Amino acid sequence: MTLKLTRRLALAGMVAAGAILSTSAFADGDLVQLRMSSSGSETDARSVALAEVFGPAVSGFASYEPSYNATLFDQGTELDAISRGNLEMSITSAQELAQFFPEFSIFATGYVHQDAAHQVRVFNDPLMEPFKAKVEDELGVKLLSVMYLGRRHVNLRQTRDELDVQTPADLAGVNLRMPGTDAWQFLGAALGASPTPMAFSEVYTGLATGAVDGQDNPLPTVVDKKFYEVTKQIALTSHLVDLNYIAMSKATFDALTPEQQLTVQRAADAAASVGRLRQLDLEANLTSFIEENGVEVYEPDTAAFRDHVQAQYVGSEFAASWPEGVLDKINALGE
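**With respect to the packing of aromatic side chains**
In this structure the tally under the stated criterion is 13 aromatic pairs. Taken together, Phe 100, Phe 101, Phe 104, Phe 107, Phe 123, Phe 131 and Tyr 245 form an aromatic cluster joined through their ring pairs. Over the ring of Phe 123 we find Lys 132, and its NZ or CZ is 3.9 Å from the ring centre. In this arrangement the basic side chain of Lys 142 is found over the ring face of Phe 253, its NZ or CZ atom lying 4.8 Å from the centre.

As structure tokens, this is what we get:
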């Protein structure tokens with residue numbers, strides 16, 4: 001924890017310096033450069049929504065410049081880059097934010113969010129204000145809107161004859177690729193698997209070579225990244241209704257005029273809404289395509305997974321970081 005606090009203090013200093021330098025950064029008539037670094041592909045629903053909705057909406061005063069597949073910054077380094085003034089935008093996760101602010105792990109906990117609509121209600125509720133304020137004040141990052149990534153499921157190389165996953169006990173010894181942050185690794189272990197950190201860009205090769213037994217992602221990502229080519233089954237665990245935040249440099253945002261700020265906020269919300277609807281549509285219609293490509297899709301004992309995963313968080317260091325009463329407020333916003 002000392003290292004994390006030291007890192008946050010160092011970043012806070014850079015944020016303050018960046019804010020001072022940014023106040024006169026944009027001359028009259030210049031387009032504001034908004035470089036977006038994403039680990040997703042150009043065809044990912046979130047990428048498409050931002051390119052088709054956000055970019056055109058801000059084009060009167062800003063140049064939206066997306067980079068995909070972690071070609072501009074490595075996955076997990078984008079928030080640092082924004083804090084240092086080297087990047088303007090990213091699509092970040094609660095898990096990545098939990099590296100700086102452990103309390104954000106509550107939004108990355110298995111079976112906490114119920115669905116896409118619940119995510120939006122939580123993000124727009126007053127309970128989120130202290131979380132957003134801390135990210136702005138200590139990291140120099142403004143969370144504009146919440147994007148729906150989808151329900152994450154367990155996707156494995158083994159056939160169902162070789163491994164039938166019905167409960168967490170069935171994942172014992174399975175090397176399940178999970179992103180490298182502590183929150184992700186904890187979730188992988190809570191599922192009953194042996195979580196293996198691996199960069200997203202390496203997952204396809206890892207599955208093809210057997211370096212990992214499986215990965216967890218929503219169905220649209222399985223199709224977009226062609227994981228169905230190197231796996232044999234998907235157990236619909238729905239263990240995380242996953243989200244991303246559209247993140248922007250607070251220094252860049254603060255240097256905009258009030259009218260431009262309003263346009264940016266509305267553009268982000270509109271892109272998030274379009275991306276959410278597309279992702280939901282894809283989730284509802286991709287099972288047959290995946291099955292046609294030789295992957296068996298089935299529903300395990302989700303109640304057993306839910307009970308086991310939630311029990312792992314009780315008394316954990318993650319739960320200890322959650323502000324008192326916030327979990328109850330999140331649950332109350334569900335249906």
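**Observations regarding the packing of helix 2 (residues 45-57) against helix 11 (residues 258-285)**
At a minimum axis distance of 8 Å, the contact between helix 2 and helix 11 shows a crossing angle of 150°. Viewed along their axes, helix 2 and helix 11 adopt a mutual orientation that is roughly antiparallel. Seen from above, helix 2 lies across helix 11 with right-handed handedness. Residues Ala 45, Val 48, Ala 49, Leu 50, Glu 52, Val 53, Phe 54 and Ala 57 of helix 2 pack against Thr 263, Val 264, Ala 267, Ala 268, Ala 270, Ala 271, Val 274, Gly 275, Arg 278, Gln 279 and Leu 282 of helix 11. Among the residues making up the contact of helix 2 with helix 11, the classes are represented as 14 nonpolar, three polar and two charged.

**Examining the nonpolar core**
One finds Phe 104, Phe 107, Leu 143, Leu 171 and Tyr 245 to be the most contacted residues of the largest nonpolar core, which totals 52 residues. Val 32, Met 36, Ala 49 and Ala 271 belong to the second-largest nonpolar core, a separate cluster that totals 23 residues.

**Digging into the environment of Leu 176**
Residue placement: Leu 176 occurs in strand 5 (residues 175-178). Counting along the chain gives 44 residues from Leu 176 to Pro 220, while the straight-line C-alpha distance between them is 19 Å. Ignoring sequence-local partners within four residues, the contact set of Leu 176 consists of Val 154, Leu 156, Leu 191, Ala 193, Ser 194, Pro 195, Thr 196, Gly 214, Gln 215 and Asp 216.

**Quick word on the side chain of Gln 95**
Topologically, Gln 95 is positioned in helix 4 (residues 94-98). You can call Gln 95 buried: its relative accessible area is 1%. For Gln 95, the contacting residues outside a window of four places in its chain are Ala 108, Thr 181, Ala 183, Trp 184, Leu 240 and Asp 242.

**Quick word on the pairing of strand 1 (residues 32-37)**
In this sheet, strand 2 (residues 62-67) lies alongside strand 1 in parallel orientation, the contact comprising six bridges. Considered in strand 2, the bridge of Leu 34 is made with Tyr 64. In this fold, strand 1 hands off to helix 2, which returns the chain to strand 2; that crossover is right-handed.

**Comments concerning the pattern of salt bridges**
All told, the structure shown has 11 salt bridges when counted by the stated rule. Residue Asp 44 is joined to Arg 46 by a salt bridge in which the shortest nitrogen-to-oxygen separation is 2.8 Å. Judged by its relative accessible area of 6%, Asp 44 falls in the buried class. Among the charged side chains, a salt-bridge network with shared partners connects Arg 152, Asp 216 and Asp 242.

**As for the side chain of Arg 152**
Within the element layout of this structure, Arg 152 appears in strand 4 (residues 141-156). A polar side-chain atom of Arg 152 sits 2.6 Å from a polar atom in the side chain of Asp 242. Residues within four places of Arg 152 in sequence aside, it is in contact with Trp 184, Asp 216, Asn 217, Pro 218, Thr 237, Ser 238, His 239, Leu 240 and Asp 242.

**Quick word on helix 13 (residues 302-313)**
Its 12 residues give helix 13 an end-to-end C-alpha distance of 17 Å, which sits within 8% of 16 Å, the value for a rise of 1.5 Å per residue. Restricting attention to buried positions, one finds in helix 13 the residues Thr 302, Phe 305, Val 309 and Tyr 313. In an axial view of helix 13, the angular spread of the buried residues amounts to 65°, which keeps them on one side of the axis. Each element contacted by the buried residues of helix 13 is listed here: helix 7 (182-190), strand 8 (233-249) and helix 14 (317-320). Of the residues one or two after helix 13, Gly 315 is the one with positive phi, at around 80°.

**Quick word on the environment of Pro 195**
Tracing the sequence through the fold places Pro 195 in strand 6 (residues 194-197). Residue Pro 195 is classed as partly exposed on the basis of its relative accessible area of 24%. If near-sequence neighbours (up to four positions away) are discounted, Pro 195 is found in contact with Leu 176, Met 178, Gln 185, Gly 188 and Ala 189.

**Remarks on the confidence of the model for the protein**
Confidence along the protein averages 91 in pLDDT terms, with 91% of residues attaining 70 or more. The low-confidence segment residues 1-7 (pLDDT under 50) makes six contacts with residues lying over four places distant or belonging to another chain. Under a pLDDT of 50 for its full length, residues 12-28 has, in the predicted model, 15 contacts with residues more than four places off or in other chains.

**Brief notes about the packing of helix 7 against helix 13**
Two numbers describe how helix 7 lies on helix 13: the axes approach to 9 Å, and their chain directions differ by 135°. Compared by their axis directions, helix 7 and helix 13 come out oblique. Viewed along their axes, helix 7 and helix 13 form a crossing whose handedness is right-handed. Across the interface between the two elements, Phe 186, Leu 187 and Ala 190 from helix 7 touch His 308, Val 309, Gln 312 and Tyr 313 from helix 13. When the residues that make up the contact of helix 7 with helix 13 are grouped by side-chain class, the tally is five nonpolar, two polar and no charged.

**Points about the environment of Glu 291**
Relative to the elements of secondary structure, Glu 291 occurs in helix 12 (residues 287-292). Judged by its relative accessible area of 40%, Glu 291 falls in the partly exposed class. When the C-alpha atoms of Glu 291 and Tyr 228 are compared, they prove to be 8.9 Å apart, with 63 residues separating the residues in sequence.

Calculation notes
- Residues numbered from 1 in each chain as written.
- Predicted model: local features only at pLDDT ≥ 70, side-chain atom pairs only at ≥ 80, totals over all residues.
- Heavy atoms only, no water.
- Phe/Tyr/Trp six-rings, centres within 6.5 Å; stacked < 30°, edge-to-face > 60°.
- Lys NZ or Arg CZ within 6 Å of the ring centre and 35° of its normal.
- Axes fitted to C-alpha atoms, helices over the stretch in contact; angles between N-to-C directions.
- Helix = DSSP H or I, 4+ residues; strand = E, 2+ residues; numbered from the N terminus.
- Parallel < 35°, antiparallel > 145°, perpendicular 65-115°, else oblique.
- Left-handed = near helix turned anticlockwise from the far one by under 90°.
- Contact = heavy atoms within 4.5 Å.
- Nonpolar A, V, L, I, M, F, W, Y, C, P; charged D, E, K, R; others polar.
- Core = buried A, V, L, I, M, F, W, Y, C linked by side-chain atoms within 4.5 Å.
- Buried < 20%, exposed > 50% of the residue type's maximum accessible area, 1.4 Å probe, protein only.
- Pairing = 2+ DSSP bridges.
- Right-handed = clockwise from strand over helix to strand, strands pointing away.
- Salt bridge = Lys/Arg side-chain N within 4 Å of Asp/Glu carboxyl O.
- Polar contact = N/O pair within 3.5 Å; in protein donor to acceptor, adjacent residues only side chain to side chain.
- Expected span 1.5 Å × (residues − 1).
- Arc of directions from axis to C-beta.
- pLDDT = per-residue confidence, 0-100.

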